[in-house]
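# Notes for the structure review
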Amino acid sequence: MKKFILTSLCVLFSAAAVCAGADEPLANDGKRGLYAKSLEQVLRLREDEVDLATAALIVSEYWSDLVYGRRYLSRLDDMAFEIRDRLKAAGLPTDHRAIRVINEYLFKELGFASVPEISDPNDLFLHSVLDKKRGYCLSLSILYLAIAERLGLPVYGVVAPGHFFVRYDDGQVRFNIETTSAGGTADDEHYIEKFKVPQTRRDSIYMQNLNKIQTLGCLLNNLGNTYSEVGNIDSALTALERAVQINPSLAESHMNLGNIYLRKGRVNDAIYEYRSALKIKPDDAKSHLNLGNAYTERGWLRDAIDEYHLSLKLDANIIDTYKNLATAYCKQEMFGQAIGQLRRAIALQPKDSSLYSWLGDVYRQMGDCEKAIPQYEKALAMKSDLALAYYGLGLCYNKMGLLDDEIEQYRRVLYIEPDMLGALVNLGNAYVRKEKFDAAIEQYDKAIQIKPDDATIYYNLGTAYINKGNYQKAVAEYREAIRLEPSMGDAHNGLAYGYYRLEKYNLALEHIRIAQELGVAVDEKLLAAIQDRVR
């Protein structure tokens, strides 16, 4: 994995200041943090030695090989010199009165502004804010903090659940600065009410003046989410574990790390992180939802159902909660309750096609395909490329014995999602029943490419070769199934038949006896024929 290393930053910052014509250095001149080349080095510094902009640009260079960090630091220095010159020209001291000058320069003159929504991961980074003059709350705040640090102003980052802003606080004058509103001010009560700041812990990080390492931890939390969204789970894990280490009382970091652990199959670790998040922020509906998901994965369905109900009590508009609660009920065969939850979700979002498909799944699991099929069709009328609805129809047609219709649905699924394992295997099974063995083999081969450690697929493939009369290939596939799952009795039974047809009677007898020991009802005529050959 690539390390957090800033390779392009040089150590000639004082020389840059002289070249810029500065009569005195900036407030951060000579800090050890300016010479850090990796995040590991930053985290080993004392807090007063850290240069926030350098640390943020180390993160930027980790994200993009195209970022040239020294160029951005020089730009920040130039901006700080310009503000300082303006303060001198106006006869203003470098105190709280400098904030108005900073705001006018950054937001009115240079045009820095917030993005309407977080859709581009690059908006998280300081280099992108400087390039595009656009950012969201945390990235704009880091820009503001970097300028303030160079001017020697007592400005701090402040985090609220789902939001970040900055605060001027010199011990006598204290006010908040909203970087997404051109430097406007709002009192603490505004943030506490709007972002539902928990007030349950004395050691809470929320609404406190953060040091630079804590601010960096908030950046790593958001970086972890960005990596997660683009599918880079290992990098997301690294960033989020660091975020939790730095800011152990930030609920969002625990919840986001829990999400990564759950995706990696580390269910117990996920449960620990979700519970940690809820200790900090007990009224967070999404944390209860995620904990319910982890409990479901663990098989603790009653606990999962309790968490889903808590989530809905806190926020009745999260559709995924209804879906997952319905799934938990189905696993307990409480189908009526599952249908009730999905009906409530449909009342909230009647145009959500996935809800009708989900409802179709519940009816299908009940064994009522007559009620399931109209739900799948309703979903497909809303969204014609909904693969799961076609898949559900295929399963219904399988139960109803409508082989051609079943095949058609699986083919539609695979047109939309070519790698859906269940559809590949089921289509192969349907082709076997239709005695189209070459077509079945093609589907099983594709399935094995996706999941090469699934013994059942090799067994099915062996059966297709048996039916085709290719006993050599059948034996090879059955042997692979047994290698992966030695107790698969049906594979031993199939292997016995394959060896019999290949005239390897001792091996055939060995495996048919193993099949019997594993509880398979073997063909007595085949057993007798093998025994006759062995004698």
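What you see is a predicted model, and the numbers here were worked out from it, not measured in a lab.

With that settled, the discussion passes to the overall build of the protein chain. Scanning the protein chain from terminus to terminus reveals 27 helices and five strands. Since a compact globule built from 535 residues should have a radius of gyration of about 24 Å, the 31 Å found for the protein chain marks it as more spread out than a globular shape. Taken along the three principal axes of its C-alpha coordinates, the protein chain extends 110 × 50 × 40 Å. Expressed as a percentage of its 535 residues, the buried residues of the protein chain come to 53%.

Pairing within the open sheet is antiparallel, and its three strands lie in the order E3-E4-E5. The sheet terminates laterally at strand E3 (155–160) and strand E5 (174–177), the two strands that pair on one side only. Averaged over all adjacent pairs, the angle separating strand axes in this sheet is 35 degrees, with direction ignored. Pairing of E3 with strand E4 (residues 163–169) involves six bridges; the strand directions are antiparallel. Along E4, the bridge assignment pairs Val 159 with Phe 164.

On to the confidence of the model for the protein chain. Per-residue confidence for the protein chain averages 92 on the pLDDT scale, and 94% of its residues sit at or above 70. Element-level pLDDT for the protein chain is lowest in helix H1 (residues 13–19), with a mean of 40, against a maximum mean of 98 in helix H20 (residues 403–416).

A full pass over the atoms with the stated rule returns 29 salt bridges. Here Lys 31 and Glu 149 are joined by a salt bridge, their closest N and O atoms 2.9 Å apart. With Lys 31 in the loop between H1 and helix H2 (39–44) and Glu 149 in helix H7 (residues 137–151), the pair connects residues that are 118 residues apart, well separated along the chain. Each member of the pair, Lys 31 as well as Glu 149, is classed as buried. The shortest N-O distance in the salt bridge between Glu 109 and Arg 86 comes to 2.6 Å. Taken together, the residues span a long stretch of sequence, with Glu 109 in helix H5 (residues 98–109) and Arg 86 in helix H4 (residues 69–89) at a distance of 23 residues. Judged by its relative accessible area of 27%, Arg 86 is partly exposed. Taken together, the shared-partner salt bridges connect Arg 32, Arg 46, Asp 48 and Glu 49 into one network.

For the rest of this paragraph, the subject is the packing of aromatic side chains. In the structure shown here, the tally under the stated rule is nine aromatic pairs. Ring geometry for Tyr 459 against Tyr 478: centres 5.7 Å apart, planes inclined by 45 degrees, an arrangement best described as tilted. One end of the pair, Tyr 459, is in helix H23 (residues 455–468); the other, Tyr 478, is in helix H24 (residues 471–484), and 19 residues separate them in sequence. Look at Tyr 478 and you get buried, because its relative accessible area is 3%. Positioned over the ring face of Tyr 72 is Arg 71, at 4.3 Å from the centre of the ring.

On to the environment of Val 197, then. Note on placement: Val 197 falls in the loop between helix H8 (188–194) and helix H9 (212–229). Here Val 197 falls in the buried class, since its relative accessible area comes to 7%. Excluding residues within four positions of it along the chain, Val 197 makes contact with Ala 160, Pro 161, Tyr 191, Ile 192, Tyr 206 and Met 207.

Our next topic: the packing of helix H13 (residues 285–298) against helix H15 (residues 319–331). Here H13 crosses H15 at 25 degrees, and the two axes come no closer than 11 Å. One way to sum up the angle between H13 and H15 is to call them roughly parallel. Like other packed secondary-structure pairs, H13 and H15 cross with a definite hand, here left-handed. Residue-level contacts link Leu 289, Asn 293 and Thr 296 of H13 to Asp 320, Thr 321, Asn 324, Ala 328 and Lys 331 of H15. Each residue belonging to the contact of H13 with H15 can be placed in one class, and the counts come to two nonpolar, four polar and two charged.

At Lys 133, a residue that is not glycine, the phi angle is positive and equals roughly 60 degrees. Summarising the element assignment, Lys 133 is placed in the loop between helix H6 (126–132) and strand E2 (134–135). Classification of Lys 133 as partly exposed rests on a relative accessible area of 31%. The backbone of Ala 182 shows a phi angle near 55 degrees, a positive value even though the residue is not glycine. With respect to the element layout, Ala 182 can be found in the loop between E5 and H8.

On to the layout of surface pockets, then. The volume enclosed by the second largest pocket comes to roughly 300 Å³. Forming the walls of the second largest pocket are 19 residues, and the residues nearest its centre are Glu 149, Leu 153, Val 155, Tyr 156 and Lys 212. Residue assignment for the lining of the second largest pocket shows that the elements contributing at least two residues are H7, E3 and H9. Residue composition of the lining of the second largest pocket, by class: nine nonpolar, five polar and five charged.

All of the buried residues along helix H27 (residues 524–534) are Leu 526, Leu 527 and Ile 530. Across the axial projection of H27, the buried residues extend over an arc of 100 degrees, all falling on one side. Exposed residues lying more than 90 degrees from the buried face of H27 are Glu 524, Lys 525 and Asp 532. Of the surrounding elements, those touching the buried residues of H27 are helix H25 (489–501) and helix H26 (505–517).

What counts and what doesn't
Residues numbered from 1 in each chain as written. Predicted model: local features only at pLDDT ≥ 70, side-chain atom pairs only at ≥ 80, totals over all residues. Heavy atoms only, no water. Helix = DSSP H or I, 4+ residues; strand = E, 2+ residues; numbered from the N terminus. Rg over C-alpha atoms; globule rule 2.2 N^0.38 Å. Buried < 20%, exposed > 50% of the residue type's maximum accessible area, 1.4 Å probe, protein only. Pairing = 2+ DSSP bridges. Axes fitted to C-alpha atoms, helices over the stretch in contact; angles between N-to-C directions. pLDDT = per-residue confidence, 0-100. Salt bridge = Lys/Arg side-chain N within 4 Å of Asp/Glu carboxyl O. Phe/Tyr/Trp six-rings, centres within 6.5 Å; stacked < 30°, edge-to-face > 60°. Lys NZ or Arg CZ within 6 Å of the ring centre and 35° of its normal. Contact = heavy atoms within 4.5 Å. Parallel < 35°, antiparallel > 145°, perpendicular 65-115°, else oblique. Left-handed = near helix turned anticlockwise from the far one by under 90°. Nonpolar A, V, L, I, M, F, W, Y, C, P; charged D, E, K, R; others polar. 1 Å grid on protein atoms, 1.4 Å probe; cavity = no way out; pocket = protein on both sides within 12 Å on 5 of 7 lines; lining within 4 Å. Points joined across faces, edges and corners; volume = space filled by probe spheres on them. Arc of directions from axis to C-beta.

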